[in-house]
Amino acid sequence: MLTSGQKMFIVIATVSLGFVGYLVFPTMDITAQEQPIVFVTHSGAVVQTTGDVLDPVYTIQEVEFDPEKYLRDFDYGKVSKLEDGTTLREFTIIAEDDKIMEIAPGIFYNVWTFNGSVPGPTIRATEGDLVRIYFINNGDKEHTIHFHGNHPAEMDGIFEIVGSGGGQFTYEFIAGPVGVHPYHCHVMPVEEHIGHGLYGVFIVDPKEGRQQADEMVMVLNGFDTDFDGENNLYAANTIPFYYQHHPIQINMNELIRVYVVNMVGLDPINNFHLHGTLYHYYPTGTDLVPSYFTDMVTFSQSERGIIEFEYEYTGRYMFHAHLTEFSDKGWTGLFYVKDSSQLNTEVYNFGS
Amino acid sequence: MEVKRSSSTKTAISAIIPFVLLAVMIGYVFGPGSELISFGVVIPEISIEKVEFVDSEIIATVRNTGPIAVDIVMADIDDMILPAAIEPDKHLERFESAIVRIPFEWNEGQPYAIGLTIDDGTRFEKRVDVAAPSIQPTIEMISYFAVIGTYVGIIPVMIGLLWFPFISKLSRSKYKFFLALTVGLLLFLGISSAEEAIETSAENLSDVFNGVLLVATVAIVSFLALNYLGEKLKKRAGASKLAGPVAIALMIAIGIGLHNFGEGLAIGAAIVLGEAALGAFLIVGFALHNTTEGFAIAAPMARTKLMIGRLAAMGMIAGVPAIFGTWVGGFVYSPLTAVIFLAIGTGAIFQVIVLIMRWIQNEEGKLSNSSVLAGIAVGMLIMYITSILV
């Protein structure tokens, strides 16, 4: 028979081996294997796994911020006429800073928002309109709105800090000059307030209008989700790789106009490269005559412009940052060019 | 009988009561609805413990080494976000680990940074200096490692055993000197094992494992366990005069065997991690070192009749584990296993040292004998010099 010392020895040995075994081989799962699932790599290879797939693909149902909807969503405000005939456009913008949003599949980030989204609403007016913005700060921090463009000093959103917890301010100015401009919070540290998402696009249309086109807005942005001074994710319109997996549908031989605004912080430059055609570029959109005909434009921080192009052929065309680091981290997408003259247009469904 | 049983039940209950109270208190303080400890920010942490390069795929072994459960949500290589698979699943409880498979056409010899991002957006990275195809346990590789293990473990120890006739012809005081020399050799090996274990834990293990304390705990437990086994062995060997030295030699062989397992582990891991130069260096270095181990086994038996069979068996006990070590290191390497085995080896060596010292003391009566002291010093010097030269 075993002595008590021997028993003790066996118990200690078993317990320590069990613990070490758990630490060394915890992934050994003896429960039944689930049905393997399949995913496709960027180079087209098909890979099978019994586990979970890590892939920055969003399905429409999951998406908290819908880049599809944002793309062509223009807010013209509440319109009325003043006695002198001037058009008045009224907007309400509410700032918040406590929202946690899934900015890429599974990645939750504290976004600071104008009207609940990053970017905020695309505000649109015609040159000479009176723009009135009722700003409410429902955040825990101080915020402002600083518009790029012409306005009096006290409407600049720099010194008129709007306090947290319901502070209010009304911005009022005559829309101008013609072009595409950013607006953003200008409370120090500005990089932090912009980095968390307090920005949006302000479009001033010329009185005579622009040529009829399929218009869209692309805000180039990035997120430093671990605060190491380097952006972890980049995108056109917030969600990385979104338009890559959900191509933007456009028509062949139709004029496409994209208002591009670069709001990426931390990195000094960004750029916009288009495949399969070249575009006319209007820096800041202030001139009605294009400056370049190109497929590559470089933007410094908060630099923006209008690009116009048409496709001669149908099919899928990439648009992306030609800084490969940015495109590798999500700033990449596709146009799907359809021939609208054909009746039974085949709708392109990615992944189906 | 009845009385005895009820008293042992009472003992058991009285041992459990404090645990129950402790559990109640912890439940009250940390349990649901408790607001007592709700301050501070909990920082999640994961560690990428191993990176392997296989056909068109990079495989990272990741462990949750933080205080809370996390989800792994994104994988990248050199900041390039890529579709990947995580098995068994992306949710990792504390200390749980998973395999992340990232399909990628990697180039041999190139450095890569493997990044994993968790649900709060924090990215963790592991840099690999040189990508090299990971080694699969094919028959060829298994035999290749066995050959290396033989060169490092068995052959040098056997060569060392050839000192037996030389030692057996020595005078009493010279013999004591050589026995003490063995102590010096082992002392050096023990310290280098401990250093290796602590270094490996510092480089590859997350802080959460408390590397130094893990090494100390495992080494001391291994020391105590072998001590216990050694005593049993001696008792079983009985009073026969021959048994004493043979039992000691056997204990030395077992201790050295455990140590050699650690050496094999280091060699296997170095080859797998693509550090071929380091692997070759380790092979030569360990081979030279290990002849002295043969000497250590031969020394205590030198006063007995030459028993070639037994001597060879001891050589095998000391040498063969090197082969198992290369297999484990080469095919199922994990930094945690490496640290644990190195620490076991450390404990084993120190146990053997105590064994020999006790034996010298029994024979000699005291340890401060000049030939003993000189032997220990010379032993350490020899090891130090061979460690510099190779």
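Residues numbered from 1 in each chain as written. Chains lettered and ligands numbered in written order. Predicted model: local features only at pLDDT ≥ 70, side-chain atom pairs only at ≥ 80, totals over all residues. Heavy atoms only, no water.

Summing up its helical and strand segments, chain A has 5 helices and 24 strands in all. Counting only residues that meet the buried cut, chain A has 50% of its 352 residues in that class. Put simply, of all contacts in chain A between residues at least 6 apart along the chain, 69% involve residues at least 24 apart. Total accessible area computed for chain A in this model is approximately 16400 Å², and 54% of it derives from carbon and sulfur atoms. (Helix = DSSP H or I, 4+ residues; strand = E, 2+ residues; numbered from the N terminus. Buried < 20%, exposed > 50% of the residue type's maximum accessible area, 1.4 Å probe, protein only. Contact = heavy atoms within 4.5 Å. Areas by Shrake-Rupley, 256 points an atom, 1.4 Å probe, with all protein chains shown as cover.)

For the rest of this paragraph, the subject is the overall build of chain B. Helices and strands together make up the secondary structure of chain B, namely 11 helices and 9 strands. Across the 390 residues of chain B, 49% fall into the buried class. Of the contacts formed within chain B by residues at least 6 apart in sequence, a portion of 75% connects residues at least 24 apart. With an accessible surface of roughly 18500 Å², chain B has 68% of that area assigned to carbon and sulfur atoms.

We now examine the side chain of B:Arg63. Residues and elements named next belong to chain B. Within the fold, Arg63 resides in strand E2 (residues 57-64). With a relative accessible area of 2%, Arg63 lands in the buried category. Among the polar contacts listed, one links the side chain of Arg63 to the backbone oxygen of Phe95, at a separation of 3.0 Å. (Polar contact = N/O pair within 3.5 Å; in protein donor to acceptor, adjacent residues only side chain to side chain.)

Listed by partner, the interface residues are 36 residues for chain A and 39 residues for chain B. Here chain A and chain B share 1 salt bridge between them. A salt bridge links A:Lys329 to B:Asp79; the nearest nitrogen and oxygen atoms lie 3.6 Å apart. The tally of links from chain A across to chain B stands at 9 residue pairs in polar contact (both at pLDDT 80 or more). Looking at the side of chain A that touches chain B, the elements that each hand over two or more residues are helix H1 (4-24), strand E1 (37-40), strand E2 (46-49), strand E3 (52-54), strand E7 (107-114) and helix H5 (324-328) of chain A. In terms of residue count, the dominant contributor to the side of chain A that touches chain B is H1(A) (7 residues). Its residues placed into classes, the side of chain A that touches chain B shows 17 nonpolar, 12 polar and 7 charged. In this structure, E3(A) lies alongside strand E5 (residues 84-87) of chain B, joined through 3 bridges in antiparallel fashion. By the bridge assignment, A:Asp52 is partnered in E5(B) with B:Ile86. (Salt bridge = Lys/Arg side-chain N within 4 Å of Asp/Glu carboxyl O. Nonpolar A, V, L, I, M, F, W, Y, C, P; charged D, E, K, R; others polar. Pairing = 2+ DSSP bridges.)

Bringing the pattern of salt bridges into the picture now. Scanning the model with the defined rule gives 20 salt bridges over all chains in all. Ionic pairing is found between A:Arg124 and A:Glu215, a salt bridge with its closest N-O pair at 2.7 Å. You can see A:Arg124 sitting in strand E8 (residues 122-126) and its partner A:Glu215 sitting in strand E14 (residues 214-223), a full 91 residues away along the chain. Accessibility classification places A:Arg124 together with A:Glu215 in one group, the buried group. As a salt-bridge pair, B:Glu87 and B:Arg101 come within 2.8 Å of each other at their nearest N and O atoms. Of this pair, B:Glu87 sits in strand E5 while B:Arg101 sits in strand E7 (residues 97-103), and the two are 14 residues apart along the sequence. The class for B:Glu87 is buried, based on a relative accessible area of 17%. Assessed through its relative accessible area of 17%, B:Arg101 is described here as buried.

Turning our eyes to something else, we now look at unusual backbone geometry. Here the residue pair A:Val118 and A:Pro119 is connected by a cis peptide bond, since its omega of -5 degrees sits within 30 degrees of zero. Topologically, A:Pro119 is positioned in the loop between E7 and E8. At the junction of A:Met188 and A:Pro189, the peptide bond is cis and its omega measures out at -10 degrees in the coordinates. Among the structural elements, A:Pro189 can be located in the loop between strand E12 (179-184) and helix H3 (190-195). Its identity as a non-glycine residue notwithstanding, A:Thr238 has a phi of 75 degrees, on the positive side. For A:Thr238, the position within the fold is in the loop between strand E15 (233-236) and helix H4 (242-245). The class of A:Thr238 is buried, set by a relative accessible area of 1%. Notably, B:Phe95 is not glycine yet its phi reads approximately 70 degrees, a positive angle. Along the polypeptide, B:Phe95 turns up in the loop between strand E6 (91-92) and E7.

With that settled, consider the packing of helix H2 (residues 139-161) of chain B against helix H9 (residues 321-331) of chain B. Residue and element names in this part refer to chain B. Orientation of H2 relative to H9, taken along the N-to-C sense of each, is 135 degrees, at an axis distance of 7 Å. Comparing the axis directions of H2 and H9 gives the class oblique. Regarding H2 and H9, the two cross each other, and that crossing is right-handed. On H9, the residues that touch Met141, Ile142, Phe145, Ala146, Gly149, Thr150, Gly153 and Ile154 of H2 are Ala322, Ile323, Thr326, Trp327, Gly330 and Phe331. Here the residues of the contact of H2 with H9 are counted per class, giving 9 nonpolar, 5 polar and no charged. (Axes fitted to C-alpha atoms, helices over the stretch in contact; angles between N-to-C directions. Parallel < 35°, antiparallel > 145°, perpendicular 65-115°, else oblique. Left-handed = near helix turned anticlockwise from the far one by under 90°.)

The next subject is the sheet that holds E7(B). Pairing within the open sheet is antiparallel, and its 5 strands lie in the order E3(A)-E5(B)-E7(B)-E2(B)-E1(B). Of all the strands in the sheet, just E3 of chain A together with strand E1 (46-54) of chain B have a single pairing partner and so form its edges. Along the sheet, successive strands turn relative to each other by an average axial angle of 25 degrees, direction set aside. Sheet topology note: the E5(B)/E7(B) ladder contains 3 bridges and is antiparallel. When the bridges of E7(B) are listed, B:Glu87 appears paired with B:Ile99.

All names here are of chain B. This prediction gives chain B a mean pLDDT of 82; 89% of its residues lie at or above 70. The secondary structure element of chain B with the lowest average pLDDT is helix H7 (residues 276-301), at 73, and the one with the highest is strand E8 (residues 112-118), at 95. What the predictor reports for the complex is a pTM of 0.76 with an ipTM of 0.81. (pLDDT = per-residue confidence, 0-100.)

Our next topic: the packing of aromatic side chains. By the definition in use, this model includes 37 aromatic pairs over all chains. Taking the centre distance of 6.0 Å and the plane angle of 5 degrees together, the rings of A:Tyr281 and A:Tyr292 count as stacked. Here the residue A:Tyr281 occupies a position in strand E19 (residues 279-283), and A:Tyr292 occupies one in strand E20 (residues 292-294), the gap between them amounting to 11 residues. Taking the centre distance of 5.8 Å and the plane angle of 85 degrees together, the rings of B:Phe104 and B:Tyr112 count as edge-to-face. (Phe/Tyr/Trp six-rings, centres within 6.5 Å; stacked < 30°, edge-to-face > 60°.)

The next point concerns the environment of B:Gly345. Residue and element names in this part refer to chain B. By the secondary structure assignment, Gly345 is in helix H10 (residues 335-364). Measuring from C-alpha to C-alpha, the distance between Gly345 and Gly255 comes to 6.9 Å, with 90 residues separating the pair along the chain. Setting aside residues no more than four positions away along its own chain, Gly345 makes contact with Leu258 and His259.

Residues and elements named next belong to chain A. Within the open sheet, the 5 strands sit side by side as E4-E8-E13-E12-E10. Their pairing is mixed. In the strand order of this sheet, the two ends are held by strand E4 (74-75) and strand E10 (146-147), each with one partner. Here E12 pairs with strand E13 (residues 199-205) via 6 bridges, running antiparallel. Bridging from a neighbouring strand, Pro182 pairs with Val201 of E13.

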